[in-house]
Amino acid sequence: MTHVGIVVVRTVVTGWFAASMLLACGPGSEEARRTQVDVVVDATGIVPITSNLGYRVTLDRARFALGDFEFTTGGNMHALLPSLRRSIGRFLLPAAHAHPGHAGGGEILGELAGSFVVDWLNPGARIGTATLVTGRYQGANFSLRTASNAELPAGDPLAGHTVELAGTVEKAGRSQRFTALLAIGGAKLMGAPFDHEVHEVKDGSALKLGVRFLPLEPTGGSKTIFDGIDFHSLAGAAETIAIRPSDPAHNQLVRPLRTHDHYDVRLVPASPR
């Protein structure tokens with residue numbers, strides 16, 4: 001069966017953008033500058049890592065069911081006129097989300113709405129096209145959802161789950177396969193770092209937004225999503241370690257995946273057209 005890296009399930013109209021255009025075109029107003037930028041998988045964060053218990057983990061499969069990306073600013077909406085800024089902020093944009101992390105939440109100035117299955121080991125795979133107001137961005141939000149049977153090939157193990165991970169773990173000369181199917185549906189991740197100035201994209205522009213999953217958080221430390229999991233104690237006599245929603249290790253793995261520490265968004269060069 002041909003492997004599909006990104007499955008787009010639905011596309012919805014971004015109503016607040018349409019409404020903002022109507023406001024911007026009213027008497028005495030100027031239209032806010034908006035631009036469309038492709039959002040793709042940036043696989044540079046998928047590298048072999050060592051957990052705090054000394055397990056060397058190499059992923060060869062990492063798929064997440066995600067939805068509704070939002071791109072936020074700390075409130076510096078300088079691309080909009082003051083009257084339009086007040087109108088959009090009051091009537092159209094969702095409420096600001098306070099968050100103590102990298103981006104501190106903020107006002108939503110861009111979005112890519114829809115449901116997606118993202119393969120983090122498929123570099124450059126297109127997730128969709130985001131619409132953004134030009135200006136300074138400081139964070140990104142997205143939902144962690146449950147993948148449905150309808151969007152996946154028959155028998156796909158991700159169906160009914162949010163995350164599928166697989167790979168090998170090595171410690172003290174012992175190497176084993178592992179698989180993990182995680183249920184995190186209905187959670188919203190807030191404040192993934194996205195600290196960039198977005199300008200209007202012209203035809204032929206070599207610019208994309210790359211979303212990264214970071215099993216090792218990029219803060220100069222050694223914190224990994226696998227910290228605290230004693231893989232060999234889970235193995236028993238099984239040839240492959242299997243982590244499922246009923247296992248205690250499931251929640252250990254889910255906790256870091258719900259935090260912004262293990263994701264970010266970067267501007268990446270696109271292939272020349």
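Residues numbered from 1 in each chain as written. Predicted model: local features only at pLDDT ≥ 70, side-chain atom pairs only at ≥ 80, totals over all residues. Heavy atoms only, no water.

**Focus on the overall build of the protein**
If you tally the helices and strands in the protein, you get four helices and 13 strands. For the protein, with 273 residues in total, the buried portion stands at 49%. Intrachain contacts of the protein at a sequence separation of at least 6 include 81% that bridge at least 24 residues. When the accessible surface of the protein is split by element, carbon and sulfur atoms take 52% of a total near 12,400 Å². (Helix = DSSP H or I, 4+ residues; strand = E, 2+ residues; numbered from the N terminus. Buried < 20%, exposed > 50% of the residue type's maximum accessible area, 1.4 Å probe, protein only. Contact = heavy atoms within 4.5 Å. Areas by Shrake-Rupley, 256 points an atom, 1.4 Å probe, with all protein chains shown as cover.)

**Describing the nonpolar core**
Formed by 55 residues in total, the largest nonpolar core has its most connected members in Phe71, Trp120, Leu165, Phe213, Phe226, Phe231 and Leu257. If one sorts the elements of this core by residue count, strand β4 (residues 56–73) sits on top with seven residues. In this structure, leucine 165 is in contact with Leu59, Arg61, Ala62, Phe64, Phe178, Thr179, Ala180, Phe213, Ile225, Phe226 and Leu253, ignoring residues within four places of it in sequence. One finds Ala65, Val117, Leu152 and Leu158 within the second-largest nonpolar core, a separate group that totals six residues. (Core = buried A, V, L, I, M, F, W, Y, C linked by side-chain atoms within 4.5 Å.)

**Some points on the packing of aromatic side chains**
Counted under the stated rule, the structure contains 14 aromatic pairs. Measuring from centroid to centroid gives 5.4 Å for tyrosine 55 and phenylalanine 231, while their planes differ by 70°, and the two rings are edge-to-face. One end of the pair, tyrosine 55, is in the loop between β3 (49–50) and β4; the other, phenylalanine 231, is in helix α3 (residues 231–235), and 176 residues separate them in sequence. For tyrosine 55, a relative accessible area of 1% gives the class buried. For phenylalanine 231, a relative accessible area of 0% puts it in the buried group. Relative to phenylalanine 194, the ring of phenylalanine 71 lies with its centre 5.7 Å away and its plane at 70°, an arrangement referred to as edge-to-face. Here the residue phenylalanine 71 occupies a position in strand β4, and phenylalanine 194 occupies one in strand β10 (residues 187–198), the gap between them amounting to 123 residues. (Phe/Tyr/Trp six-rings, centres within 6.5 Å; stacked < 30°, edge-to-face > 60°.)

**Re the side chain of histidine 250**
Relative to the helices and strands, histidine 250 is located in helix α4 (residues 248–257). The contact partners of histidine 250, leaving out residues within four places of it in the chain, are Leu181, Leu182, Ala183, Ile243, Arg244 and Pro245.

**Regarding the pattern of salt bridges**
According to the stated counting rule, one finds eleven salt bridges in the structure shown. The salt bridge partner of aspartate 38 is arginine 126, with a shortest N-O separation of 3.5 Å. Here arginine 126 lies in strand β6 (residues 126–133) and aspartate 38 lies in strand β2 (residues 34–41), a separation of 88 residues in the sequence. Residue class for arginine 126 comes out partly exposed when judged on its relative accessible area of 46%. Residues joined by salt bridges that share partners form a network here, namely Arg61, Arg63, Asp156 and Glu164. (Salt bridge = Lys/Arg side-chain N within 4 Å of Asp/Glu carboxyl O.)

**Comments concerning α4**
Within the span of α4, buried status applies to Ala249, His250, Leu253, Val254, Pro256 and Leu257. The arc that holds every buried residue of α4, seen down its axis, measures 165°, which confines them to one face. Turned more than 90 degrees off the buried face of α4, the exposed positions are Pro248 and Arg255. (Arc of directions from axis to C-beta.)

**Structural notes on unusual backbone geometry**
Even without glycine at this site, aspartate 68 takes up a positive phi of about 50°. Within the secondary structure, aspartate 68 is located in strand β4. Exposure remark for aspartate 68: the relative accessible area of 30% places this residue in the partly exposed category.

**Looking at the confidence of the model for the protein**
For the protein, the mean per-residue pLDDT works out to 80, and 73% of the residues sit at or above 70. The low-confidence segment residues 7–30, where pLDDT is below 50, has 51 contacts with residues more than four positions distant or belonging to other chains. (pLDDT = per-residue confidence, 0-100.)

**Observations concerning the side chain of glutamate 70**
You can see glutamate 70 is positioned in strand β4. Separated by 3.0 Å, the side chains of glutamate 70 and lysine 188 make a polar contact. With residues up to four places along the chain from it excluded, the contact list for glutamate 70 reads Ile108, Gly110, Glu111, Gly139, Ala140, Asn141 and Lys188. (Polar contact = N/O pair within 3.5 Å; in protein donor to acceptor, adjacent residues only side chain to side chain.)

**Side note on the pairing of strand β11 (residues 208–213)**
Counting buried residues in β11 gives five out of six residues, a clear majority hidden from the surface. Direction of pairing for β2 relative to β11: parallel, over a ladder of three bridges. Following the sheet pairing, valine 41 is matched in β11 by valine 211. Here β11 pairs with strand β13 (residues 263–268) via six bridges, running antiparallel. Within β13, the position partnered with phenylalanine 213 by the bridge is tyrosine 263. (Pairing = 2+ DSSP bridges.)

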